[in-house]
Structure formats: structure tokens, C-alpha cells
Amino acid sequence: MTFSIIGTGMYVPPKIVTNDDLSKTLDTNDEWIRQRVGVQRRHVCTGETTAELAYQAALRALENSGCTPEDLDLIICSTISGDLVSPALACVVQKMLGASCPAYDVNSACSAFLFLLETAAGYFARGKVKKVLAIGAERMSKLLDWQDRGTCVIFGDGAGAAVLASGEGYIDSTISTKGNDEVIRVPAFAGESPYSTLEPERPFIRMQGQETFKYAVNAMCSDISKLMQNNRLTAEDIAYVVPHQANKRIIDLACMRLRIPIKKFYVNIQEYGNTSSASIPIALDELNRKGLLKRGDNLILSAFGAGESNASCLLKW
Ligand code: UT7
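Residues numbered from 1 in each chain as written. Predicted model: local features only at pLDDT ≥ 70, side-chain atom pairs only at ≥ 80, totals over all residues. Heavy atoms only, no water.

**Observations regarding the overall build of the protein chain**
Assigned secondary structure in the protein chain consists of 10 helices and 13 strands. Over its C-alpha trace the protein chain gives a radius of gyration of 19 Å, about what one expects of a compact globule, namely 20 Å for 317 residues. Along the first, second and third principal axes, the C-alpha set of the protein chain runs to 50 × 45 × 35 Å. By residue count, 57% of the 317 residues in the protein chain fall in the buried class. Residue pairs at least 24 apart in sequence account for 77% of intrachain contacts in the protein chain once pairs closer than 6 positions are excluded. When the accessible area of the protein chain is evaluated, it comes to approximately 14200 Å², of which 50% is carbon and sulfur surface. In the protein chain, 33 positive and 35 negative side-chain charges are present, and the distance between their average locations comes to 5 Å. (Helix = DSSP H or I, 4+ residues; strand = E, 2+ residues; numbered from the N terminus. Rg over C-alpha atoms; globule rule 2.2 N^0.38 Å. Buried < 20%, exposed > 50% of the residue type's maximum accessible area, 1.4 Å probe, protein only. Contact = heavy atoms within 4.5 Å. Areas by Shrake-Rupley, 256 points an atom, 1.4 Å probe, with all protein chains shown as cover. Lys, Arg positive; Asp, Glu negative; His and termini not counted. Charge placed at Lys NZ, Arg CZ, Asp CG, Glu CD.)

Put into C-alpha cells, the structure is as follows:
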């Protein structure tokens, strides 16, 4: 036994920051950002916390699934930008929802929602749960150096959620990690220990853009090919590929190499930027609410990110 997705939800903060807005304070411009990344605008938190984003997405997913917080056996959040180091974001959301099940976080940067699904699948396989709330929530704006044009134009804030229930929808998956902490790095805030001899690092995202780009295209292509081969699927058998929304050019290149028509790749980076582990559940909710998914459709979700951790899975809707 594994799970099927029975409801989805998303939430983004109302504040929109356009490329033109950014170019007022940074040496950048709308044309560069659209062409090199594909982002037109992003939603950015003002007074909202990461927990509030997660809570709002969770409410919408629960409503969409017809479940209540009491029905939940487990809550897992993926995040690298929770409000607190401890307790976990999932614990805060559990309290906000009034649920009483176990709750914890998974951190695998932008791939974390798919690592989360793999974790949840283990609980279903052992018959330990019937309903799981999965949430990807990120307030990337607090991890950005807003003077660094190489990173701050890319990311955005938001949350997506899905309710998983016992079923046969999670067909296959592949996850891997190389353990690279150089291409993308977000140092944790360092305390003030009088004994520490370590040089404190600024707690903002640093990224080697081109290295990450190459890794991302290769990871997506090899993961998706593997799933298609293992499950004897051709491009015609796939209804949608839901890629992590990191850069439209990464998606275009992967699409060309995989020979899957671009119309099958769901893209919304223009609206939200890269929302890290929230990007896939946000895209899934949009597909669901637009009525683009039919029961029995094959979907491939595909993500990559820091740690050179990447994952893809095959879902039957
Ligand atoms: O979710 C986590 C995974 N992350 C990713 O997948 C990110 C992957 N990498 C990328 O998306 C791209 O590498 C970036 C969008 C980060 C950068 O695009 P690029 O085409 O690799 O640009 P670049 O870093 O090679 O820079 C090209 C030029 C440079 O100027 P010079 O040296 O050629 O004069 C940069 O200084 O573009 C300049 N540049 C900008 N210009 C205007 C860099 N950022 C900007 C900017 N506006 N925001």
C-alpha cells in the first residue's frame, strides 16, 4: 500500500515585487531577468511568517480533500526557511490547525517536498498512517542578500500543500545526494559563543549559478529518463511533468534533451520565482484547481537543489 493525493492547496503573500521594482534599487533589468531566468514577478512576505504561509496552504488542501485536522495521522513540512530553528515548522502548523498527530520537518533544500513524499510513502507501506498532510513552505526573502543581483532576483515566497491518503498513486521514485556544500550554500545564523574560533558566515544564499545550472539539467534528465525506462513509459504516456521552478531555461533544456513536448511541462516561474521546496506543491495545486488533471493521469514530479540532492517521482493522479 502507498498513497494517492486527495487534495491540494497553496498560498502566497499578497505583496508582489516586479522586476521593474527590483531594478529601482539594483543594477538589473526586466529583460535580463525574463530572458535568463523566466521570472516576471514574485510574491514576498511583509508581515507574514513561514508558519502562516504553511497554515493557509494547509487549510486549502484540507478543504479540497474533505478532511479535517482530526483526520490527520502525520504532518510533515519541507522547509529551509522556517521561523524557528526549533520547534519544527510542522509543530507550529500542527498547533495552528488544532491537530494532535506527530509533526516534523524535512530539510533537503529545493528537493525536499519529494524527499518528504518518499518519507511519507514509508509510513503508508508499513500501514502506520491513513492520512498525511504534506506541506512545502518557504520564506526565501529572509535568506536573501537583497544587494546580490545574482540571487535575489530569482527567489520568491509561498507554500503548497497536499493531503495524502492510502491508495496506489505513488508509483515509483528516485532520490539521490552527492553531498556538495559548495554550489549552493546557506550558512546558519551563528551564535556568540566566546569559545568559538570559527569565522562567522553571513546567513544568506550563495550560489554558483552556472555550476548549479549544469547539475540541475543533468539531474532532471537522468531522473526522469530512469523513471520512464523503469516504468516503460513514453512521452505520450505522461500527462504532465511538474519540474522544480528554478529557471525556465533549465526546464527548456531538459525538455529538449528528454524529447517531451514543452506543453507537458507545467511552468509558473513567471509568477512566483523560485519558491524552493514550495514550488512543486504550488504547481500541483494550480494544475489541480485549473482542472487540468484527470483521474489516472501519469505525472512526473522532478526537483533538484542544494547538497546536490535531487529527486523525481511518478504519480498516478
Ligand atoms: O533552486 C535552487 C537551484 N538553483 C538553480 O537552479 C539556479 C541555476 N542557475 C541559474 O539559474 C543561472 O545560472 C543564474 C540565473 C543564477 C545566472 O544566469 P547565468 O546566465 O548563468 O548568468 P551568469 O551568472 O553567467 O552572469 C552573466 C552576466 C554577468 O555579467 P558579465 O560578467 O558577463 O558582465 C553577471 O554579472 O549577467 C550578470 N548578471 C546580471 N545582470 C543583470 C548576473 N545577475 C544579473 C542580474 N541582472 N540580476
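Right, picking up where we left off after that structure.
**Some details on helix 3 (residues 50-65)**
Each full turn of the α-helix corresponds to 3.6 residues, which orients residues three or four apart in the same direction. Between its first and last C-alpha atoms helix 3 spans 23 Å; for 16 residues at 1.5 Å apiece the expected length is 22 Å, and the two agree. Taken together, the buried positions of helix 3 are occupied by Thr50, Ala51, Leu53, Ala54, Ala57, Ala58, Ala61, Leu62 and Ser65. Down the axis, helix 3 shows its buried residues gathered within 160 degrees of arc, on one side only. Taken together, the buried residues of helix 3 touch strand 1 (2-11), helix 4 (89-97), strand 6 (131-139) and strand 7 (157-167). Glycine 66 sits one or two residues past helix 3 and shows a positive phi near 75 degrees. (Expected span 1.5 Å × (residues − 1). Arc of directions from axis to C-beta.)

**Let's talk about the nonpolar core**
Soluble, globular proteins show a tendency: their nonpolar side chains are buried together. Counting residues in hydrophobic clusters, the biggest one holds 46 residues, and the most contacted among them are Ile224, Ile250, Ile260, Phe265 and Phe304. Residue assignment for this core shows that the elements contributing at least two residues are helix 7 (209-230), helix 8 (248-258) and strand 12 (298-305). Among the elements that line this core, the one with the most residues is helix 7, at 10 residues. Here this core spans two domains, and each of domain 1 (2-168) and domain 2 (172-316) adds at least three residues to it. (Core = buried A, V, L, I, M, F, W, Y, C linked by side-chain atoms within 4.5 Å. Domains from an automatic or database assignment.)

**Structural notes on the site of the ligand**
Of all residues adjacent to the ligand, which total 23 residues, the nearest are Thr28, Arg36, Gln210, Asn247 and Asn274. Arginine 249 places a side-chain nitrogen or oxygen 3.0 Å from an oxygen atom of the ligand. Here an oxygen atom of the ligand and a side-chain polar atom of asparagine 274 are 2.6 Å apart. Contributing elements (two or more residues each) for the shell around the ligand: helix 2 (30-36), helix 6 (149-152), helix 7 and helix 8. Among the elements that make up the shell around the ligand, the one with the highest residue count is helix 7 (four residues). Residues lining the shell around the ligand come from more than one domain, with at least three contributed by each of domain 1 (2-168) and domain 2 (172-316). (Near = heavy atom within 4 Å. Polar contact = N/O pair within 3.5 Å; in protein donor to acceptor, adjacent residues only side chain to side chain.)

**Section: the environment of leucine 314**
Position of leucine 314 among the secondary structure elements: in strand 13 (residues 307-316). Given the relative accessible area of 3%, leucine 314 is considered buried. For the pair leucine 314 and glycine 191, spaced 123 residues apart in sequence, the C-alpha to C-alpha distance is 42 Å. Setting aside residues up to four positions removed in sequence, leucine 314 forms contacts with Gly169, Tyr170, Ile171, Asp172, Leu227, Asn231, Leu233, Asn298, Leu299 and Ile300.

**Focus on the domain arrangement of the protein chain**
Per the domain assignment, the segments making up the protein chain are domain 1 (2-168) and domain 2 (172-316). On the domain 2 side, the residues contacting the 49 residues of domain 1 number 45 residues. For the pair domain 1 and domain 2, the summed buried area comes to about 3600 Å², and 61% of that belongs to carbon and sulfur atoms. Among the residues domain 1 hides against domain 2, the three largest losses belong to Met10, Cys110 and Leu114. Together they make up 17% of the total. (Buried area = accessible area lost by both parts, 1.4 Å probe.)

**Some points on the pattern of salt bridges**
As enumerated under the stated definition, the model contains 14 salt bridges in all. As a salt-bridge pair, arginine 206 and glutamate 201 come within 3.4 Å of each other at their nearest N and O atoms. Three or more residues joined by partner-sharing salt bridges are found here, namely Asp181, Arg185, Glu201 and Arg206. (Salt bridge = Lys/Arg side-chain N within 4 Å of Asp/Glu carboxyl O.)

**Some points on the environment of glycine 305**
By the secondary structure assignment, glycine 305 is in strand 12. Linking glycine 305 and glycine 150, residues 155 residues apart in sequence, is a C-alpha distance of 16 Å. When near neighbours in sequence (up to four residues on either side) are disregarded, glycine 305 contacts Cys110, Ser111, Ile184 and Tyr215.

**Things to note about the sheet that holds strand 11 (residues 240-243)**
Across the sheet, which stays open at both edges, the four strands sit in the order 8-13-12-11 with mixed pairing between neighbours. Because the sheet does not close on itself, it has two edges, and the strands there are strand 8 (170-180) and strand 11. Between one strand axis and the next, the sheet turns through 10 degrees on average, direction left out of account. Across eight bridges, strand 12 lies against strand 13 in antiparallel orientation. Within the sheet, the bridge partner assigned to phenylalanine 304 lies in strand 13 and is asparagine 310. Against the sheet, helix 10 (residues 279-289) makes contact with strand 11 and strand 12, and its axis sits at roughly 145 degrees relative to strand 11, the strand it touches most. (Pairing = 2+ DSSP bridges. Axes fitted to C-alpha atoms, helices over the stretch in contact; angles between N-to-C directions.)

**Some points on the pairing of strand 7**
Along any regular strand the residues' side chains alternate between the sheet's two faces. Of all 11 residues in strand 7, 10 are buried, a share of seventy percent or more. Strand direction decides the pairing type here: strand 1 and strand 7, joined by nine bridges, are antiparallel. Each residue of the ladder has a partner; that of threonine 2, found in strand 7, is glycine 167. One ladder, built from nine bridges, connects strand 6 with strand 7; its direction is antiparallel. Looking at the pairing, alanine 134 lines up with alanine 162 of strand 7.

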